[in-house]
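# Structure at a glance
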Amino acid sequence: MERAWCVVVPHHPAGARLARHRLADELTDVVPPMLLADLVAVLAELVGNAVRHAQPLPGGVVRVAWRLRPSADGPGVQLRVTDGGAGAGPRIRTASPDAADGRGLHIVAGLASRWGVERDGLGQSVWAAFDPTGTTRPDLVVAG
């Protein structure tokens, strides 16, 4: 059965922490641990970017949503972060090796199956989708 969650967090750095904890609380027993780690990392990047680069929604908030779609191949998940928008939309940048930032959307693109931006009268939403068949990444080695 498909399930969806929507939470509102402050347009503040603490909002990313609140969103991560809520996502982890809801999905810990529902998705594989590696997928959960990817979801938490991508959600932190998307909320962090909304706080750093975009205006808040009315009330000084950011809306965070996720949708779980179980299937025979495993769970598919879509994350969505909606903010009040910015002058320039989100885009992948080239960061120098010593740059302190500029890698967030590279992380999103590397972990999610696909991602994108949608704009409407409310603001903009950045979404990231995780397909069931994309939950294992043989390119990563687990240290231990």
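Residues numbered from 1 in each chain as written. Predicted model: local features only at pLDDT ≥ 70, side-chain atom pairs only at ≥ 80, totals over all residues. Heavy atoms only, no water.

Another point: the packing of helix H1 (residues 13-27) against helix H2 (residues 33-53). Here H1 crosses H2 at 155 degrees, and the two axes come no closer than 9 Å. Classified by the angle their axes make, H1 and H2 are roughly antiparallel. Crossing of H1 over H2 shows right-handed handedness. Two secondary-structure elements touch here, H1 through Pro 13, Gly 15, Ala 16, Ala 19, Arg 20, Leu 23, Ala 24 and Leu 27 and H2 through Leu 36, Leu 39, Val 40, Leu 43, Ala 44, Val 47, Gly 48 and Val 51. Among the residues forming the contact of H1 with H2, the class breakdown is 13 nonpolar, two polar and one charged. (Axes fitted to C-alpha atoms, helices over the stretch in contact; angles between N-to-C directions. Helix = DSSP H or I, 4+ residues; strand = E, 2+ residues; numbered from the N terminus. Parallel < 35°, antiparallel > 145°, perpendicular 65-115°, else oblique. Left-handed = near helix turned anticlockwise from the far one by under 90°. Contact = heavy atoms within 4.5 Å. Nonpolar A, V, L, I, M, F, W, Y, C, P; charged D, E, K, R; others polar.)

Evaluation of the coordinates by the stated rule reveals five salt bridges. A salt bridge links Glu 2 to Arg 69, with the shortest nitrogen-to-oxygen separation between them at 3.1 Å. Of the two residues, Glu 2 sits in the segment before strand E1 (3-10) while Arg 69 sits in strand E2 (residues 61-69), which places them 67 residues apart along the sequence. Between Arg 80 and Glu 118 there is a salt bridge, and its shortest N-O distance comes to 2.9 Å. On the criterion of sequence distance, the pair formed by Arg 80 in strand E3 (residues 76-83) and Glu 118 in strand E4 (residues 114-119) is long-range, its members being 38 residues apart. (Salt bridge = Lys/Arg side-chain N within 4 Å of Asp/Glu carboxyl O.)

Next up on the list: the environment of Ser 125. Relative to the elements of secondary structure, Ser 125 occurs in strand E5 (residues 124-130). Judged by its relative accessible area of 7%, Ser 125 is buried. For the pair Ser 125 and Val 64, spaced 61 residues apart in the sequence, the C-alpha separation amounts to 9.3 Å. When near neighbours in sequence (up to four residues on either side) are disregarded, Ser 125 contacts Arg 80, Val 81, Thr 82, Gly 116, Val 117 and Glu 118. Within the structure, the side chain of Ser 125 is placed 2.6 Å from the side chain of Thr 82, a separation counted as a polar contact. (Buried < 20%, exposed > 50% of the residue type's maximum accessible area, 1.4 Å probe, protein only. Polar contact = N/O pair within 3.5 Å; in protein donor to acceptor, adjacent residues only side chain to side chain.)

Moving on: the packing of aromatic side chains. A complete count under the given rule lists one aromatic pair for this structure. Residues Trp 5 and Trp 66 carry aromatic rings whose centres are separated by 6.0 Å and whose planes lie at 25 degrees to one another, so their mutual orientation is stacked. Note that Trp 5 is positioned in strand E1 and Trp 66 in strand E2, a separation of 61 residues in sequence. Overall, the relative accessible area of 10% leaves Trp 5 in the buried class. Note on Trp 66: relative accessible area 2%, which makes it buried. (Phe/Tyr/Trp six-rings, centres within 6.5 Å; stacked < 30°, edge-to-face > 60°.)

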